[in-house]
Amino acid sequence: MGLELYLDLLSQPCRSIYIFARSNNIPFEFKHVELFKDSVLGKKPAAGSGAEQPRAGPSNSEGTGKVSLLKKVPALKDGDFTLAECTAILLYLSRKYNTPDHWYPSDIQKRAQVDEYLSWHHANIRANAPKTMWIKVLIPLFTGQPLPSEKLQEVMEGLSTSLKQFEERFLQDKAFIIGSEISLADLVAIVELMQPVGVGCDIFEDRPRLREWRRRVEDAVGKELFFQAHEMILNIKELSNIQIDPQLKEQLTPVLMKMLK
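Right, let's walk through the structure included here. As the structure is a computational prediction, the values presented were derived from the model and not from experiment.

## Looking at the nonpolar core
Core analysis: the biggest nonpolar cluster contains 72 residues, and Y117, F166, I190, F204 and W213 have the highest contact counts within it. Element by element, the count of residues in this core is highest for helix α8 (residues 184–198), at ten residues. When neighbours within four sequence positions are excluded, F166 is seen to be in contact with Y117, W120, L171, I177, A189, L210 and W213.

## Details of the pattern of salt bridges
Overall, the coordinates contain eleven salt bridges when judged by the stated rule. Among the salt bridges present, the one from D78 reaches K96, with a minimum N-O distance of 2.4 Å. With D78 in strand β3 (residues 75–78) and K96 in helix α3 (residues 86–96), this pair connects stretches of sequence that are 18 residues apart. We classify K96 as partly exposed; its relative accessible area is 44%. Two residues, R215 and D219, come together in a salt bridge whose shortest N-O distance is 3.3 Å. Residue R215 and its partner D219 are located together in helix α9 (residues 208–221), separated by four residues, close to a single helical turn.

## Examining the sheet that holds strand β1 (residues 3–7)
Taken together, four strands build an open sheet; the order of strands is β2-β1-β3-β4 and the sheet is mixed. Looking at the sheet topology across the chains shown, the edges are occupied by β2 (29–32) and β4 (81–84). Each adjacent strand pair in this sheet contributes to an overall mean axis angle of 20°, direction not counted. The pairing of β1 with β3 spans four bridges and is classified as antiparallel. Looking at the pairing, E4 lines up with K77 of β3. In the packing of helix α1 (residues 12–23) onto the sheet, the strands contacted are β1 and β2, and the crossing angle to β1 comes to about 145°.

How each quantity is defined
- Residues numbered from 1 in each chain as written.
- Predicted model: local features only at pLDDT ≥ 70, side-chain atom pairs only at ≥ 80, totals over all residues.
- Heavy atoms only, no water.
- Core = buried A, V, L, I, M, F, W, Y, C linked by side-chain atoms within 4.5 Å.
- Buried < 20%, exposed > 50% of the residue type's maximum accessible area, 1.4 Å probe, protein only.
- Helix = DSSP H or I, 4+ residues; strand = E, 2+ residues; numbered from the N terminus.
- Contact = heavy atoms within 4.5 Å.
- Salt bridge = Lys/Arg side-chain N within 4 Å of Asp/Glu carboxyl O.
- Pairing = 2+ DSSP bridges.
- Axes fitted to C-alpha atoms, helices over the stretch in contact; angles between N-to-C directions.

Next up, the structure:
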């Protein structure tokens, strides 16, 4: 049995693993998982959307629970071995497939810089960027009503503070977070920052240093792969007029509202 990756490309961590595996020519079987199975977010791509689209085929949502005790994506299955959590999976793949050193450097200080960013990321960029999607698309979709504009402003202010720290503390005047080459830190950061872009909050527009960094990351992994991985999130506004199953709405609305507290 070969490597299996259980992913939904609406998920930022899933996108980082997908891009990493594809850009390093790691052979794997894509197991498409719909985070909201049988809901609007489980919508299949239209015919003719490209032969490389990985979302085609049946959902593996049920199979994920058998692979990951956490019943969440991303999840990895390599023979009898299973693994959850984005960072753990990225490190496992980098070590098993001996990917180029720049992704997770053997130099102890550069590696520590990657570790530092990955530790900082969760309480800062990840704490704010995904909320833009919940506020502008998903919560209105499930509740039928938009949230007050003050809620988005609050999230954007928190994100702005994090982005300022990102530029000044991590990026500085370097091409990438740890220097002249892309690392796992850049990959984890960029997929998170594409969430606001997908819902119309272009955080790169007035930040030239951040915008140039994004361009370099796209070039490093390949623009075609980058935009393929982000196709769903960049078109998420198309979901705004879809009808949600009432039972699903009842189940998920309290969960979504809790995420913004």
